[in-house]
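Here's the letter readout for the chains.
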Amino acid sequence: MFRTTTSISRGVSAFVKQTSCALHTSTIAMAPVKVGDKLPSVDLFEDSPANKVNICDLTAGKKVVLFAVPGAFTPGCSKTHLPGYVQNADKMKADGVGEIVCVSVNDPYVMAAWGAQHNTKGKIRMLADPSGNFIKALDLGTNLPPLGGFRSKRFSMVIEDSKVEDLNVEPDGTGLSCSLADKLKYKK
């Protein structure tokens, strides 16, 4: 009986080692998202942790503009980046953009408060990526210790039916040159 227990224990132990190795190696190979890629199916949060929004479901069958910022309430994001999208929202929607989405590695309450401060209701959906799962899946993260560590690089993209049609990633990850609302390229 002792041998049977030992054999089972060794078998389970070998399986666990093999499984954890397989799981570990499957997460190593990552490449930054590029034009033509399909978005990963990741849940983001709007207004509260109870309101999940799957990004693939949100972008299915329509044109969506998505932009990401390093942090809500930060100077560049609050003075330039978000306001540019708020000002251009009506024009974008008149040109056929179904949704405009702002994403940040923040909690949903912070994103909701930031959106309220900038009057985004009905114009821009403020989606939180609290653990950075979406940003990690896109491989567009950066380490910004003064903002708490892992954050999103600053970028914008045009999405058509869950597929990246245009992508603008700031060269230094945080600047304000190519990801602004007036730099987007989308077909009407």
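Reading the values: the criteria
The residue numbers shown here count from 1 along each chain, following its written sequence. Totals for whole chains, interfaces and linings use all residues, but because this is a predicted model, local features are given only for residues with pLDDT of at least 70 and pairs of side-chain atoms are given and counted only at 80 or more. In computing side-chain values, all of the structure's heavy atoms are included and hydrogens and water are not. Any two strands with at least two DSSP bridges between them are considered paired. The numbering of helices and of strands both runs from the N terminus, where a helix is a DSSP run of H or I of at least 4 residues and a strand a run of E of at least 2. UniProt positions are given in the numbering used here, feature names are shortened, and annotations may be inferred rather than shown by experiment. Throughout, a residue-residue contact means that at least one pair of heavy atoms, one from each residue, lies within 4.5 Å. The convention used is that axes are lines fitted to C-alpha atoms, helices contributing only their stretch in contact, and that angles between N-to-C directions extend from 0 to 180 degrees. What a helix should span is 1.5 Å times the count of its residues minus one. In this scheme, the bend at a residue equals the angle between the axes fitted to the seven residues that finish there and the seven that begin there. Throughout, exposure labels follow a simple rule: accessible area from a 1.4 Å probe, protein chains only, divided by the maximum for the residue type, with under 20% read as buried, over 50% as exposed, and the rest as partly exposed.

Trainee: Got a minute to help me understand the pairing of strand β7 (residues 149-152) in this structure?
Mentor: If a strand is regular, its side chains alternate between the two faces of the sheet. Sheet topology note: the strand β6 (residues 141-144)/β7 ladder contains four bridges and is antiparallel. Along β7, the bridge assignment pairs threonine 142 with arginine 151.

Trainee: Got a minute to help me understand the UniProt feature "active site" (unreviewed entry) in the protein in this structure?
Mentor: This chain's UniProt record puts "active site" (unreviewed entry) on Cys77. Looking at the secondary structure, you find cysteine 77 in helix α3 (residues 75-94). Ignoring sequence-local partners within four residues, the contact set of cysteine 77 consists of Val69, Pro70, Gly71, Leu82, Pro83, Trp114 and Arg154.

Trainee: Which parts of the structure should I look at to understand the pairing of strand β1 (residues 43-46)?
Mentor: For β1 and strand β2 (residues 52-54), the ladder comprises three bridges, and the chain directions are antiparallel. Across the sheet, leucine 44 pairs through a bridge with valine 53, a residue of β2. Taking the residues that link successive antiparallel strands as the turn, the β1-β2 hairpin has five residues, and the phi of aspartate 47 there is positive, at about 75°. When β1 meets strand β5 (residues 125-128), the two strands line up antiparallel, connected through two bridges.

Trainee: I keep staring at the sheet that holds strand β9 (residues 163-169) and nothing clicks. Help me out?
Mentor: Either a parallel or an antiparallel arrangement is found when strands of a sheet pair, and the pairing is made through backbone hydrogen bonds. One open sheet accounts for seven strands, arranged β2-β1-β5-β4-β3-β8-β9; its pairing is mixed. The open sheet terminates on both sides in strands that have one partner only, identified here as β2 and β9. Taking the axes of each pair of neighbouring strands and ignoring which way they run, one obtains an average angle of 30° across the sheet. Two strands pair when backbone bridges link them, and strand β8 (residues 155-160) and β9 are joined in this way by six bridges, in the antiparallel orientation. Counted as the bridge partner of phenylalanine 155 is valine 169 from β9.

Trainee: Please explain α3 as it appears in this structure.
Mentor: Along an α-helix, a turn takes 3.6 residues, which lines up residues three or four apart on a common side. In a regular helix each residue adds 1.5 Å, so 20 residues correspond to 28 Å; α3 covers 29 Å between its end C-alpha atoms and thus fits that length. In α3, a bend of some 50° at asparagine 88 exceeds every other bend along the element. Regarding α3, the residues found buried are Cys77, Ser78, His81, Leu82, Pro83, Gly84, Tyr85, Val86, Ala89 and Met92. Of the surrounding elements, those touching the buried residues of α3 are β3 (63-69), β4 (99-104), α4 (108-117), β5 and β8.

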